[in-house]
Structure formats: structure tokens, C-alpha cells
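Observations on the model geometry
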Amino acid sequence: MNALRQPRVLVLDEAQRLPGPALEFLRGLWDHPDTDTALVLAGAGSERALRRVPALASRVLTWELVPRLSQREVATVMAAFHSLWEDVTRTMSRGWTSMWGTATSGPGRS
């Protein structure tokens, strides 16, 4: 819990796949007086998952629809994410960003 005392943003992709107990845990984090963390729940269907936990759904400040990135946008974002991807071409930007992140954070990567 100490790590969440500093202002942070916790982003959870594929939030629609979280089971009810995990969503209840997130509600507990949100409600804890020592937590200074914003939650971003992402993924198609996340709003349906939140309906299973009305106590968490009632704390949603805003809903945003973020459109899919183009290949050029993916290349730009990934270059900003890590220097390893600075020279990536648009034809290489067809993968999931989570796969790119995994490759970047692998053994021996900085």
C-alpha cells in the first residue's frame, strides 16, 4: 500500500476480463484513505465488467472512447515509450503494444 501513497495512475488493460473479486479489490484501493492513485480501466467491454460491481462503477468520473491507433501512430507511441523502438517502421507497427512492452522489458533491456 505504501507505493500507492504517491500520486500515480494505475492502468489496467483488458479490464473486462477481471473477475468480480479483483474489481472489488480495486474499489478497496480507491477507497483507502492512504491511496492517491487514479484508476484507468481499459478494454472493450470494461463498462459491462464495472456493472458487476456497482460500488466501483459509481466512482467512475468519466468514460472515454479511444479509437484504435493507426500504424503510424503506433510507431510514434512506441518510439516515445522506449528508445529501442525509435527506428521502427510503420510496417513493423502491426503488433500489440503489450507485446512490444514485453520485449522491451525483457532480460538485458534497460
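Report follows, based on the coordinates. (Residues numbered from 1 in each chain as written. Predicted model: local features only at pLDDT ≥ 70, side-chain atom pairs only at ≥ 80, totals over all residues. Heavy atoms only, no water.)

**Looking at the environment of Glu47**
Relative to the helices and strands, Glu47 is located in helix α2 (residues 46–51). For Glu47, a relative accessible area of 29% translates into the label partly exposed. (Helix = DSSP H or I, 4+ residues; strand = E, 2+ residues; numbered from the N terminus. Buried < 20%, exposed > 50% of the residue type's maximum accessible area, 1.4 Å probe, protein only.)

**Some remarks on a nonpolar patch on the surface**
Taken together, Val9, Val11 and Val40 make up a surface patch of nonpolar side chains, about 260 Å² in accessible area. Examined against the element boundaries, Val40 turns out to sit in strand β2 (residues 37–41). Residue classification places Val40 among the partly exposed residues on the basis of a relative accessible area of 37%. (Patch = residues over 30% accessible without salt bridge, like charges linked within 9 Å, V, L, I, M, F, W, Y side chains within 5 Å. Areas by Shrake-Rupley, 256 points an atom, 1.4 Å probe, with all protein chains shown as cover. Salt bridge = Lys/Arg side-chain N within 4 Å of Asp/Glu carboxyl O.)

**A look at helix α4 (residues 71–81)**
Taken together, the buried positions of α4 are occupied by Val74, Ala75 and Met78. When α4 is viewed along its axis, its buried side chains cluster within an angular range of 100° and face the same direction. Seen from the open side of α4, the exposed residues pointing more than 90 degrees away from its buried face are Arg72, Thr76 and Ala80. (Arc of directions from axis to C-beta.)

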